[in-house]
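What follows is the residue order along each chain.
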Amino acid sequence: MDRLMSPASDAIAWVYQSYNRAKPFLQPGYDRDIRHPEWTRQILDRLGAPDKAVVNVAVTGSKGKGTHAILIASMLQQAGLRTGLFTGPHLVDFMERFRINGHLMPESAFIQYIQLVRSVADTLTLPRDQYLGPVGLLAVVAALWFQEQRTDVNVFELGRGALHDDVNQLVHQGAVLTPVFLEHVHELGPTLADIAREKAGVIQPEVQWVVSHDQSPEVWTAVQERAGDRVAVDQLGRDFSFRVTGQAVHLQRGSLQGVVWLPDTLGFLPANTAVAW
């Protein structure tokens, strides 16, 4: 169903209103210079900080963020946990961005939460060259829905970065790093070290654990500097591993073992499954 022709169309249009207002006044620059994700945190706090009511996992990287988020959510659901999932962008239906145990958010609920978020957002006074990040507003909607539906754990896919990403403002105890490489150089920075520092920003003060693909030296330097001695980072190939036989992916992390059956074991999917596990 095309939500732009549905009763939710006005709510969806409002999500982009702040950005569209500020767009003519935005100067070219990196995310660290022009983005202000702290507005997302203010809205969350004024709504009672729904993100602090449950365990959250944030996923960032350069490739496969959506795949990892979906895999993690699926495994948590199979383990018997009521699991929220926030991803973006959508493929067909705007409500694909919000799921609990695979079920999409009802359109009526989306409209209700947007009205609640708007009641707070409209009280904020932003400079003309700042805006409420659209994806941040949607993440707030997701957090409110997950709280009301009493999820056990939620998985949030971040945008192109992390350190200056609106979704990263949601409190999360776990962080997952997909492969990081040179990308979005006009927004995140000209070098791989710049990109790595932005992605490593997913390691917020509340983060208790990090799981990552194997990364290049520049990325590992940024991750280790951010994690310090406080947060252990488990790395694919060093702390856990996998092997493939047919359609089975055999997983091992210390004394823990598991098997995941996949319809296709080509490409990156087995490695992604190992990191998600």
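Residues numbered from 1 in each chain as written. Predicted model: local features only at pLDDT ≥ 70, side-chain atom pairs only at ≥ 80, totals over all residues. Heavy atoms only, no water.

J.: Teacher, can you tell me more about the sheet that holds strand β3 (residues 98-100) here?
T.: Reading across the sheet, the 8 strands line up as β4-β3-β2-β5-β1-β6-β7-β8 and stay open at both edges, with mixed pairing between neighbours. Since the sheet does not close on itself, it has two edges, and those belong to β4 (103-104) and β8 (233-235), each with one partner. Across 4 bridges, strand β1 (residues 55-60) lies against strand β6 (residues 174-177) in parallel orientation. If you follow V57 over to β6, its bridge partner there is G174. (Pairing = 2+ DSSP bridges. Helix = DSSP H or I, 4+ residues; strand = E, 2+ residues; numbered from the N terminus.)

J.: Just to check I follow, could you spell out the pairing of strand β9 (residues 241-245) for this structure?
T.: It is a general feature of regular strands that their side chains alternate between the two faces of the sheet. Direction of pairing for β9 relative to strand β10 (residues 248-253): antiparallel, over a ladder of 5 bridges. Across the sheet, V244 pairs through a bridge with V249, a residue of β10. Here β9 folds back onto β10, and the loop between the two strands holds 2 residues, one of which, G246, carries a positive phi near 65 degrees.

J.: Just to check I follow, could you spell out the sheet that holds strand β11 (residues 256-261) for this structure?
T.: Across a sheet, strands are paired by hydrogen bonds formed along the backbone, either parallel or antiparallel in direction. The strand order β9-β10-β11 describes an open sheet built from 3 strands, whose pairing is antiparallel. The open sheet terminates on both sides in strands that have one partner only, identified here as β9 and β11. The sheet shows a mean angle of 20 degrees between the axes of neighbouring strands, taken without regard to direction. In this structure, β10 lies alongside β11, joined through 6 bridges in antiparallel fashion. Across the sheet, H250 pairs through a bridge with V259, a residue of β11. Sheet strands in contact with helix α11 (residues 269-276) are β9, β10 and β11, and its direction is about 140 degrees off that of β9. (Axes fitted to C-alpha atoms, helices over the stretch in contact; angles between N-to-C directions. Contact = heavy atoms within 4.5 Å.)

J.: When you look at the packing of helix α5 (residues 65-78) against α11 in this model, what are you seeing that I'm missing?
T.: Between two packed helices, what matters for the description is the angle formed by their axes and the separation of those axes. Running from N to C, α5 and α11 cross one another at 50 degrees; their axes reach a closest spacing of 9 Å. The angle between the axes of α5 and α11 places the two elements in the oblique class. α5 and α11 meet at a crossing whose hand is right-handed. On α11, the residues touching T67, H68, L71, I72 and M75 of α5 are L269, N272, T273, V275 and A276. Split by residue class, the contact of α5 with α11 holds 6 nonpolar, 4 polar and no charged. (Parallel < 35°, antiparallel > 145°, perpendicular 65-115°, else oblique. Left-handed = near helix turned anticlockwise from the far one by under 90°. Nonpolar A, V, L, I, M, F, W, Y, C, P; charged D, E, K, R; others polar.)

J.: Help me understand the nonpolar core in this model?
T.: A general feature of soluble globular proteins is that nonpolar side chains tend to end up buried together. Ranked by internal contacts, the top residues of the largest apolar core, which has 60 residues, are I43, F98, F110 and V117. Every element with two or more residues in this core is listed here: α1 (9-15), α4 (38-46), β3, α6 (107-121), α7 (134-148), β6, α9 (192-200) and α10 (217-227). Ignoring anything within four residues of it in the chain, the contact list for F110 reads A8, A11, I12, F94, M95, F98, M105, L138 and V141. (Core = buried A, V, L, I, M, F, W, Y, C linked by side-chain atoms within 4.5 Å. Buried < 20%, exposed > 50% of the residue type's maximum accessible area, 1.4 Å probe, protein only.)

J.: For this particular structure, what's the right way to read the pattern of salt bridges?
T.: Once the charged atoms of two side chains with opposite charge are near each other, the side chains can pair. Enumeration over the complete set of coordinates arrives at 10 salt bridges. The shortest N-O distance in the salt bridge between D166 and R35 comes to 2.8 Å. Here D166, found in the loop between β5 (153-157) and β6, pairs with R35, found in the loop between α3 (31-34) and α4; they are 131 residues apart in sequence, far enough to count as distant. For R35, a relative accessible area of 15% translates into the label buried. Linking D122 and R118 is a salt bridge whose minimum nitrogen-to-oxygen distance equals 3.3 Å. (Salt bridge = Lys/Arg side-chain N within 4 Å of Asp/Glu carboxyl O.)

J.: Which parts of the structure should I look at to understand α10?
T.: Three- or four-residue spacings in an α-helix give side chains the same orientation, since the helix completes a turn every 3.6 residues. Turning to α10, its buried residues number three or more, namely V219, W220, A222, V223 and A227. An end-on view of α10 places all buried positions within 160 degrees of arc, on one side of the element. Facing away from the buried side of α10 by over 90 degrees, the exposed positions are P217 and E225. In this structure, the buried side of α10 is in contact with β6, α9, β7 (209-212) and β8. A positive phi of about 60 degrees marks G228, the residue just after α10. (Arc of directions from axis to C-beta.)

J.: Which parts of the structure should I look at to understand the environment of T191?
T.: Mapped onto the fold, T191 is located in the loop between α8 (185-188) and α9. T191 gets classed as partly exposed once you look at its relative accessible area, which sits at 36%. Residues T191 and Q149, 42 residues apart in the sequence, show an inter-C-alpha distance of 42 Å. Of note is the side chain of T191, whose polar atom sits 2.8 Å from the side chain of D194. (Polar contact = N/O pair within 3.5 Å; in protein donor to acceptor, adjacent residues only side chain to side chain.)

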